[in-house]
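# Breakdown of the fold
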Amino acid sequence: MTVVVNTRDDFTLTNFSRVSYGGEPVRIGAVARRAMTASAGPGPAVGSPGKETVRPARWATPGADFGGGYLDAAVVRGILFARLASLVSGHAGVRPSVAEQVAALLDGPMPAVPLDGQVSAGEAVPMAHVLAGLRRDDLHAGEEEALLGGSPCSAALAAGAAVGARHRLGYAEGICALSIEGFRAPLTAYDEAVDGLWGDPHETAALRGLRRYLDGAGTAERRFHQAPVSYRIIPRVLGQAHRAVAAVEKAATVSLRSVTSNVVYVGDELGRPAGRPVRSGGYLNGMAYPALNALSAAWADLALVAERQVTALNTAETSGLPVNLVAPGAPGNGTYAYGWAANGYVEEARAAATPALLPGAVEEPRADVLSPTFGAYRRERRAAECLDGVLAILAIVSSQALFVTGRNPAQPLLPVLSFVRSVFPPIDGTGDRDLSADGGRLQQALGTAALSGRFAT
Amino acid sequence: MTVVVNSRDDFTLENYRRVATGGESVAIGPQARTTMAEGRANFLHLLESDRTQFIYGVTSSFGPRAKLTIPPDEQRAHARAFGFRRGNWARGFGGGYLDERVVRGIVFARLANFVAGNSKARPVVAERLAALLDGPLPPVPLDGEVGAGEVLPMAHVMHGLRRGDLEEGEANPLMNGSPVSAALAADTALQAGHRLDHAEQIFALSVEAFGAPLDAYDAVLDDLWGDEDETSALVALRRYLAGASPGGRQSAVPASYQVLGRVLGQAHRAVTGVEEAARVSLRSVTDNPVYVPPDDGHPLGRAFSTGGFHNAMAYPALNALAAAWADLTLLAQRHVTALGAAAASAPLAPDPGSAAGAATGLEPVLSGLVEEARAAAMPTLLPAAVNDAQDDVSSPVFSAYRRQASAAECFDGALAVLAAEASQALLHAGRQPALPLQDLLAAVRAIFPPVEGNPRDIGPRGGDLAAALARSAVTGSAPFGTSR
């Protein structure tokens, strides 16, 4: 399939996913070509700003490696897709042929875009890497700045995070529900009546998510008194994550269709469709990095609560379950020390939740405010990875709690349990197992599910 | 005036303001009294149906001893002892105190639990609670208030409440739940909206002082960027810059002027976030255990435990606001630097009107304010400490509130410096700002007259500017205390 873009309205999260993760090509539609032709006019871009206001474009040295690893190719594809939003409406003053060249880059391999050294006023530095394969010798005045300017990287990084975050939240709810079953926590804390009492749409979404997994759960063998705080507040903490995911989705949705070129061309008093240049700060995306910061914090908090549930499950005095969840008559230490391993992930996640603020550095007097999106993106990736580690441990311990007590969870959780056990079978005391390697595989499986959206299906 | 509360819908931000800041009393309305009386009667039917059923704090002990049951014949005495013991739980100390207006707000927010009958309490308990607002309220320390839920600060707030005649189920709704988070969010939200308005005016004054091109705030950007919060920021900037002359402006402008709409948009988003957290939290029923009235499946109603005592939306919203203030503080510092550089390199106006210098001398203050604001923007996460195996997650809202307040204080300082520098630059250049900004400029100069020579009192005067801004944020008056 091919994604055809005609207007800014075609720059949706769905189309982003098709291009970035689905690998689909992009074609510039007839409507877009007409708009760009009308505004670009013959020859140099109409109303090109005075030379003194154009900062010199800096193209990255091919092969330059500033370290820190590289963006995933899927995200680079997303940046190219997002770049086109500013072009198709005609406001960037770029000819259709240039937009078509940008779209054509999606038909080949993606360039390497380093993660380090990408903080600048605007996003010209990473864009120079992204567009390294673009023919530049026939660009008209203003077109180079239109290609390097604006904030398409922020849009794509927010969109990439949003897609993964929605999937991650889905399996987090499934694993928390499995933990509730493993612990035999009373179900009233997730009762439908709570939706209206709290009155928050995100907490309601979390409560519904938990109830969906817990539908039909038995009430007979549950503890008669209230569960530890970490079980009762999980809908509120998941609600916080819902709020953060919704915010990053909104940031992505808005940013993908924004026209953020440093100079936009709009109609003037003489009726010319692109007669008036407007120079703005579109190159600084002010919504993506705060949304990513909030998402990192939500993952860190969720990791901490998951760790507390691991501790509760592993502590016989709290859970009433066998010591260390060792199977009856089996040798070994069961899930002992998995809680310790969770501590490390929690601390790393909390470190990653340090927010990316506007950088303190100043490039030069005119470039006195720089974009922090790359920093925010990398921290969110790290916080998410650590959360996956804790969730993997919670899933392992919950599965084990059910195993040693010979119980099954509620019907909707059986595929979740099956998924967990397909990667990490219960510890039954037979044979030697590398519990680190098995746990790592489950963490990786969760990370893969965040990208694919396929978890326990 | 008196705020009459009849249902949860009466727990609005506006009513919160009337009670907390305006000092108005609260009366429990007839609808609320009827609902509470019915709720109490229904709850007693439920309790009498089986006094061995688990109802946290009623038929059970509390906290880590929740699994201990209280014999039926001891449950009333338990309720009274429970209340007294809770009263003696006030353990936090140091770090200063909450402003009394916030304590008033907590008492107001607490009542949301009662009016719909979910608290299980008699109307007289709610009336007694509301009556606390007619006298002085106890000091609530800022340190040592982090625990599971909000019983630690609530024990201070309820210090003066008569508890000796409490009945079964009436102690917990006084202490449990999360009314503190609701009030801290509401107090912050009310100030934040005012502070953002001040910021927009002072940044607009800076645009005029620098002579920055106006196209970075052009109306076409509203649609091209397509974000409601950035549109709000752009609209505000255009309102204050209405009538500004487009001629004679600088051709080369730093990024800090071009990105103003985007960074202010971020602040609009953060303010909206904390307002939303306050609105939702003020009317939430967060008591633990909560009583749900009878329905078809439960003819006696139900009383069950939830995690309502943990407010998970207030502290992230406060974190986001602190970060927004920190970013704006940095932006203000960049503006001051740009104004200083421009003034130093520009020829003196033919008739500057005075012997004013190019800068006020306040500029060095800003580096410290920026760093403090950035430190305050470090997010408050769920606390790492564990009280006990049952109370294994605590609420971080007090810390988030304090950090936001610290970031806001730094931002007020930065805005004060920017206002003084913009005033100075305009005088130095012999220019007037756009008409909507002229009252603001006069208010700035009334407190911080343009600097001539090397006066010794610029520090105190700068402090006066910052203090005036902070007062205006609380009262909602125009920046620097002049009337709206």
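Cut-offs and rules
Numbering of residues starts from 1 in every chain and runs along the sequence as written. Following the order in which they are written, the chains are lettered starting with A and the ligands numbered starting with 1. In keeping with the predicted nature of the model, local features appear solely for residues at pLDDT of at least 70, side-chain atom pairs appear and are counted solely at 80 or more, and the whole-chain, interface and lining totals rest on all residues. The numbering of helices and of strands both runs from the N terminus, where a helix is a DSSP run of H or I of at least 4 residues and a strand a run of E of at least 2. Three classes are used. A residue is buried when 20 or more other C-beta atoms lie within 10 Å of its own, exposed when 12 or fewer do, and partly exposed in between, with C-beta atoms placed from the backbone. Residue pairs are scored as contacts if the distance between their C-beta atoms, which are placed from the backbone, is within 7 Å. Each residue receives one of three labels: charged for Asp, Glu, Lys and Arg, nonpolar for Ala, Val, Leu, Ile, Met, Phe, Trp, Tyr, Cys and Pro, and polar for the others, Gly being one of them. The term nonpolar core refers to a group of buried residues, namely Ala, Val, Leu, Ile, Met, Phe, Trp, Tyr and Cys, whose C-beta atoms join them within 7 Å. Source of the domain bounds: an automatic or database domain assignment. The convention used is that axes are lines fitted to C-alpha atoms, helices contributing only their stretch in contact, and that angles between N-to-C directions extend from 0 to 180 degrees. Orientation is classified from the angle alone, with under 35 degrees giving roughly parallel, over 145 giving roughly antiparallel, 65 to 115 giving roughly perpendicular, and any other angle giving oblique. In a left-handed crossing the near helix is turned counterclockwise from the far helix by less than a right angle, and in a right-handed crossing that turn is clockwise. What a helix should span is 1.5 Å times the count of its residues minus one. Should DSSP find at least two bridges between two strands, the strands are taken to pair. A clockwise course of the path from the first strand over the helix to the second, judged with the strands pointing away from the viewer, identifies a crossover as right-handed. The quantity called pLDDT is the predictor's confidence in a given residue, expressed from 0 to 100.

## Remarks on the overall build of chain B
Looking only at helices and strands, one finds 18 helices and four strands in chain B. When burial is assessed residue by residue, chain B has 60% of its 484 residues classed as buried. Considering only intrachain contacts with a sequence separation of at least 6, the fraction spanning at least 24 residues in chain B is 81%.

## Some thoughts on the overall build of chain A
Broken down by element type, chain A carries 17 helices and four strands. Referenced to the eigenvectors of the C-alpha coordinate spread, the extents of chain A come out at roughly 85 × 45 × 45 Å. The proportion of buried residues among the 457 residues of chain A is 60%. Here the analysis covers contacts within chain A between residues at least 6 apart in sequence; of these, 82% occur between residues at least 24 apart.

## Comments concerning the interface of chain B and chain A
Each partner contributes residues to the interface: chain B has 67 residues there, and chain A has 67 residues. Of all the secondary-structure elements, those providing two or more residues to the side of chain B that touches chain A are helix 10 (220-225), helix 12 (255-258), helix 13 (260-282), strand 3 (290-292) and helix 14 (314-345) of chain B. For the side of chain B that touches chain A, the element with the highest residue contribution is helix 14 of chain B, accounting for 11 residues. Among the residues forming the side of chain B that touches chain A, the class breakdown is 38 nonpolar, 17 polar and 12 charged.

## Considering the nonpolar core
Judged by nonpolar contacts, the single largest core of 337 residues is most densely connected at Ala158(A), Val248(A) and Ala303(A). Broken down by element, this core gets its largest block of residues, 21 residues, from helix 16 (residues 397-429) of chain B. Not counting the four nearest positions on each side in its chain, Val248(A) is found in contact with Ala158(A), Ala161(A), Ala162(A), Ala165(A), Ala291(A), Leu292(A) and Leu295(A).

## Points about the domain arrangement of chain A
Residue and element names in this part refer to chain A. Taken domain by domain, chain A consists of domain 1 (3-158 + 261-279) and domain 2 (164-248 + 288-452). The distance between the C-alpha centroids of domain 1 and domain 2 comes to 39 Å. Taken residue by residue, the interface counts 12 residues in domain 1 and 17 residues in domain 2.

## Some thoughts on the packing of helix 12 (residues 288-314) of chain A against helix 15 (residues 373-404) of chain A
All names here are of chain A. Relative orientation of the contacting elements helix 12 and helix 15 amounts to 20°, with a least axis distance of 8 Å. Classified by the angle between their axes, helix 12 and helix 15 sit roughly parallel to one another. Crossing angle aside, the handedness with which helix 12 passes helix 15 is left-handed. Partitioning the contact of helix 12 with helix 15 into residue classes produces 23 nonpolar, six polar and three charged.

## Some words on unusual backbone geometry
Looking along the chain, the bond that leaves Asn288(B) and enters Pro289(B) is cis, with omega of 0°. With respect to the helices, strands and loops of the structure, Pro289(B) is situated in the loop between helix 13 and strand 3. One non-glycine residue with positive phi stands out, namely Asn324(A), at about 55°. For Asn324(A), the position within the fold is in the loop between helix 13 (316-319) and helix 14 (338-352). Classification of Asn324(A) as partly exposed rests on a count of 18 C-beta atoms within 10 Å.

## Regarding helix 3 (residues 73-88) of chain A
Residues and elements named next belong to chain A. End to end, helix 3 covers 23 Å across 16 residues, agreeing with the expected 22 Å (1.5 Å per residue, within 8%). Helix 3 sits mainly inside the fold: 14 of its 16 residues count as buried. Looking one or two residues past helix 3, Gly90 carries a phi angle of roughly 90°, positive in sign.

## Here we look at helix 11 (residues 228-240) of chain B
Residue and element names in this part refer to chain B. With 13 residues, helix 11 extends 19 Å from end C-alpha to end C-alpha; this agrees with the ideal 18 Å at 1.5 Å per step. Along helix 11, the residues that are buried comprise Asp229, Glu230, Ser232, Ala233, Leu234, Ala236, Leu237 and Tyr240. Here the buried face of helix 11 lies against helix 9 (179-210), helix 10 and helix 13.

## Thoughts on the environment of Arg101(B)
All names here are of chain B. With respect to the helices and strands, the residue Arg101 is situated in helix 4 (residues 100-110). Exposure remark for Arg101: the 18 C-beta atoms within 10 Å place this residue in the partly exposed category. Spatially, the C-alpha atom of Arg101 lies 4.7 Å from that of Ala20, the residues being 81 residues apart in sequence. Leaving out residues up to four positions away in the same chain, Arg101 has contacts with Ala20 and Thr21.

## What to know about the environment of Ala375(B)
Relative to the helices and strands, Ala375(B) resides in helix 15 (residues 365-376). Along the sequence, Ala375(B) and Val259(B) sit 116 residues apart, while their C-alpha atoms lie 23 Å from each other.

## A short note on the pairing of strand 1 (residues 2-5) of chain B
Residues and elements named next belong to chain B. Residues Val3 and Val5 of strand 1 are buried on one face, while the alternating residues Thr2 and Val4, pointing to the opposite face, are not. Across four bridges, strand 1 lies against strand 2 (residues 25-28) in parallel orientation. Counted as the bridge partner of Thr2 is Ser25 from strand 2. Where the polypeptide runs from strand 1 across helix 1 (residues 13-20) and back to strand 2, its parallel neighbour, the crossover connection is right-handed.

## So, the confidence of the model for chain B
Overall, the predicted model of chain B reaches an average pLDDT of 92, with 95% of residues at or above 70. Here the predicted complex carries an ipTM of 0.92, next to a pTM of 0.94.

## Quick look at the domain arrangement of chain B
Residue and element names in this part refer to chain B. With domains assigned, chain B is organised as domain 1 (2-176) and domain 2 (186-276 + 313-481). Taking the mean C-alpha position of each, domain 1 and domain 2 sit 40 Å from one another. Facing the 17 residues of domain 1 at the interface are 18 residues of domain 2. Of all elements in the fold, only helix 1 and helix 4 reach the threshold of two or more residues within the side of domain 1 that touches domain 2. For the side of domain 1 that touches domain 2, the element with the most residues is helix 1, which contributes four residues. Residue classes in the side of domain 1 that touches domain 2 are distributed as nine nonpolar, five polar and three charged.

## Side note on the pairing of strand 3 (residues 263-266) of chain A
Residue and element names in this part refer to chain A. Covered by surrounding structure in strand 3 are Val263 and Tyr265 together with Val264 and Val266, the residues of both alternating faces. In this sheet, strand 4 (residues 276-279) lies alongside strand 3 in antiparallel orientation, the contact comprising four bridges. Bridge pairing links Val263 to Arg279 in strand 4.

## Things to note about the packing of helix 14 of chain A against helix 15 of chain A
Residues and elements named next belong to chain A. The geometry of helix 14 relative to helix 15 is characterised by a closest axis approach of 8 Å and an angle of 160° between their N-to-C directions. The pairing of helix 14 with helix 15 is recorded here as roughly antiparallel in orientation. For the crossing formed where helix 14 meets helix 15, the hand is left-handed. Contacts between helix 14 and helix 15 involve Tyr338, Ala341, Ala342, Tyr345, Val346, Glu348, Ala349 and Ala352 from the former and Arg379, Arg382, Ala383, Cys386, Leu387, Gly389, Val390, Ile393, Ile396 and Val397 from the latter. For the contact of helix 14 with helix 15, the per-class residue count stands at 14 nonpolar, one polar and three charged.

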